[in-house]
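The lines below spell out each chain.
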Amino acid sequence: MSSFNNCIKFELDIKEKNIVFKDYFYKMVQMKKHKIYEAELIQPACPFCGSLDLLHNGHLITNIHYPTANASLPVIIRLAKQRVKCRDCERWSMAQSELVNKYCSISNASKLKVLSALTEDRSMTSIARENNVSINTVQRVLGNCSHRFIDSYEYLPAHLAFDEFKGVDRQLHFICLDGDSHQVVQILRTRYKKNLLKYFGRFSPQARANVKTVTMDLNFYYQDIVRACFPNAQIVIDRFHMIQMLTRSFNSLRVQVMKTFDKRSRQYQLLKSPWKLYLKKYDELEKTHPRYNWHYKDCLTQAQAVTEGINTSTTLENSYNLMQSFIQAVETGNTHELKSLINCQDQIGTLMHKTLLTFKHNLTAVLNGAALPYSNGCLEGFNRKIKQIERTAFGYSNFTNLLIRIRLEENQYKEKEPNSLLMNA
């Protein structure tokens with residue numbers, strides 16, 4: 001019996017000495033074949049006084065779902081828990097095991113396997129199917145992690161990145177990342193100014209004074225929050241958003257100029273068909289190998305097509321040259337050139353002029369974006385992961401569940417004490 005017991009324990013990776021396996025058999029349960037192990041859980045001593053003088057009074061049989069490598073053959077441990085009465089303190093008790101929590105039929109090993117699966121980009125349905133548990137069990141394991149993410153209001157990273165993303169009910173949620181380690185600092189349900197001021201106001205003055213830079217897009221009230229909460233922080237406008245605003249302004253002007261020509265004209269086709277070339281850097285355009293294009297019925301290189309297209313309008317040409325110079329200045333970190341371009345007096349498009357005025361109103365932050373190495377690139381990549389999490393789950397209706405899943409998949413979950421995560425699951 002001892003050898004049989006040890007073999008089953010080795011197979012199931014159970015190390016508890018108080019569990020004794022007696023037999024196993026196969027049985028159809030709910031039209032599915034199960035492998036069932038019969039075992040007894042022994043109570044060696046009184047849990048109240050430690051006495052060994054016990055009076056045995058039957059067993060409580062519990063069917064425990066246990067994880068297995070073969071999902072097509074679920075494993076159930078039919079565990080008979082001893083009921084005893086201590087002759088010394090005259091108190092009743094029942095044998096308990098680390099294999100499963102009290103009043104529970106899902107083993108802790110199964111819950112840990114579910115928790116491990118929740119750190120991957122998978123749906124709850126597939127996790128439940130693989131572990132032979134219900135979706136509600138997976139939901140309970142996820143919900144029990146809600147209090148495991150400890151927020152400290154005594155420290156803030158020196159470099160922060162602000163942004164938002166669409167989540168529950170298509171609402172915008174605020175997200176803040178560490179600019180150096182790219183770890184999540186906080187995700188808030190809303191991005192309203194009063195809520196952000198309230199959250200960052202909870203931090204100690206020393207923690208808020210530690211912040212040196214805050215990277216963001218051109219959202220105007222983010223700057224008010226930085227000035228109100230972080231006395232030593234510099235505002236950094238993300239380089240991607242600056243160039244994106246400028247290229248969109250130029251693209252709008254290109255379409256506007258294109259519509260002034262007849263649709264069958266060469267000028268119209270030069271401005272329409274190769275539209276992607278106008279948004280590329282001029283140095284990356286092909287300049288030696290001309291190719292035939294059936295739209296404008298000619299063999300031109302990419303550089304020749306762009307040059308001939310912008311020559312159709314002086315405003316378009318000035319705007320294109322300004323955009324190219326601006327991109328080069330941002331890439332090289334030439335703040336003097338950037339400042340002169342923002343104050344440019346050439347004839348350019350109306351929308352591009354408004355864009356330059358926006359840059360002029362935020363001149364210091366724009367120049368910081370070109371001079372400093374920090375950007376919101378890490379935050380944009382993280383938002384892409386959040387979109388994938390939402391897509392896998394076909395959307396979330398509960399913000400807390402979305403937040404926990406994001407934290408789990410980023411390995412940000414921390415336990416306060418061993419097995420405390422599984423006590424109430």
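Scroll up to find the structure this text is about.
Rules and cut-offs
Residues numbered from 1 in each chain as written. Predicted model: local features only at pLDDT ≥ 70, side-chain atom pairs only at ≥ 80, totals over all residues. Heavy atoms only, no water. Phe/Tyr/Trp six-rings, centres within 6.5 Å; stacked < 30°, edge-to-face > 60°. Buried < 20%, exposed > 50% of the residue type's maximum accessible area, 1.4 Å probe, protein only. Lys NZ or Arg CZ within 6 Å of the ring centre and 35° of its normal. Helix = DSSP H or I, 4+ residues; strand = E, 2+ residues; numbered from the N terminus. Lys, Arg positive; Asp, Glu negative; His and termini not counted. Salt bridge = Lys/Arg side-chain N within 4 Å of Asp/Glu carboxyl O. Contact = heavy atoms within 4.5 Å. Core = buried A, V, L, I, M, F, W, Y, C linked by side-chain atoms within 4.5 Å. Pairing = 2+ DSSP bridges. Axes fitted to C-alpha atoms, helices over the stretch in contact; angles between N-to-C directions. Arc of directions from axis to C-beta. Polar contact = N/O pair within 3.5 Å; in protein donor to acceptor, adjacent residues only side chain to side chain.

**What about the packing of aromatic side chains?**
Argument step 1. All chains considered together, the criterion is met by 20 aromatic pairs.
Argument step 2. Ring geometry for Tyr24 against Tyr26: centres 6.4 Å apart, planes inclined by 85°, an arrangement best described as edge-to-face.
Argument step 3. A residue is classified by how much of its surface remains accessible, and Tyr24, at 37% relative accessible area, is partly exposed.
Argument step 4. These aromatic residues form a ring-pair network of at least three members: Tyr153, Phe162, Phe174, Tyr199, Phe200, Phe203, Phe220, Tyr221, Tyr222 and Phe230.
Argument step 5. The aromatic ring of Tyr26 is capped on one face by Lys33, whose charged end is 4.7 Å from the ring centroid.
Argument step 6. The aromatic ring of Tyr24 is capped on one face by Lys35, whose charged end is 5.1 Å from the ring centroid.

**Some remarks on the side chain of Glu390**
Argument step 1. Following the sequence through the fold, Glu390 ends up in helix α16 (residues 377-392).
Argument step 2. Despite its burial, Glu390 pairs with no opposite charge; the closest candidate is Arg170, at 6.6 Å N-O.
Argument step 3. Setting aside residues no more than four positions away along its own chain, Glu390 makes contact with Lys166, Gly167, Val168, Gly395, Tyr396 and Leu402.

**Describing the nonpolar core**
Argument step 1. Counting residues in each nonpolar core, the largest one holds 58 residues, and the members touching the most others are Phe162, Phe200, Val214, Phe230 and Phe326.
Argument step 2. By residue number, the principal contributor to this core is helix α12 (residues 314-332), which donates 8 residues.
Argument step 3. Ignoring any residue separated from it by four or fewer positions in sequence, one finds Phe200 in contact with Phe162, Phe174, Cys176, Arg208, Ile225, Cys229 and Phe230.
Argument step 4. Counting 32 residues, the second largest nonpolar core, distinct from the first, contains Ile8, Leu41, Cys104 and Ile404.

**Notes on the sheet that holds strand β6 (residues 159-166)**
Argument step 1. Read from one edge to the other, the open sheet built from 5 strands follows the order β8-β7-β6-β9-β10, with strand pairing classed as mixed. Looking at strand neighbours, the two that pair on one side only are β8 (184-188) and β10 (234-237), the edges of this open sheet. Direction aside, the axes of adjacent strands within the sheet are offset by 20° on average.
Argument step 2. Here β6 pairs with strand β7 (residues 172-178) via 7 bridges, running antiparallel. Counted as the bridge partner of Lys166 is Leu172 from β7.
Argument step 3. Contacts between α16 and the sheet are confined to β6, β7 and β8, with β6 contributing the most and set at about 35° to the helix.

**Some details on helix α4 (residues 135-143)**
Argument step 1. Within α4, the full set of buried residues consists of Thr137, Val138, Val141 and Leu142. Buried residues of α4 fall within an arc of 140° about the axis and therefore sit on the same side.
Argument step 2. Along its buried surface, α4 packs onto α2 (108-118), α3 (124-131) and α17 (399-409).

**Description of the environment of Ile135**
Argument step 1. With respect to the secondary-structure elements, Ile135 resides in helix α4.
Argument step 2. Separated by 10 residues in sequence, Ile135 and Thr125 have C-alpha atoms that sit 6.1 Å apart.

**A word on the side chain of Asn5**
Argument step 1. Relative to the assigned elements, Asn5 resides in helix α1 (residues 2-12).
Argument step 2. Engagement of the side chain of Asn5 in a polar contact is seen with the backbone nitrogen of Phe21, the distance being 2.7 Å.
Argument step 3. In contact with Asn5, other than residues within four places in its own chain, are Ile19, Val20 and Phe21.

**Quick notes on helix α15 (residues 363-371)**
Argument step 1. Ala365, Val366, Leu367, Asn368, Gly369 and Ala370 are the residues of α15 that are buried.
Argument step 2. Looking at the buried residues of α15, the elements they touch are β10, α8 (239-258), α12, α13 (335-342) and α14 (350-361).

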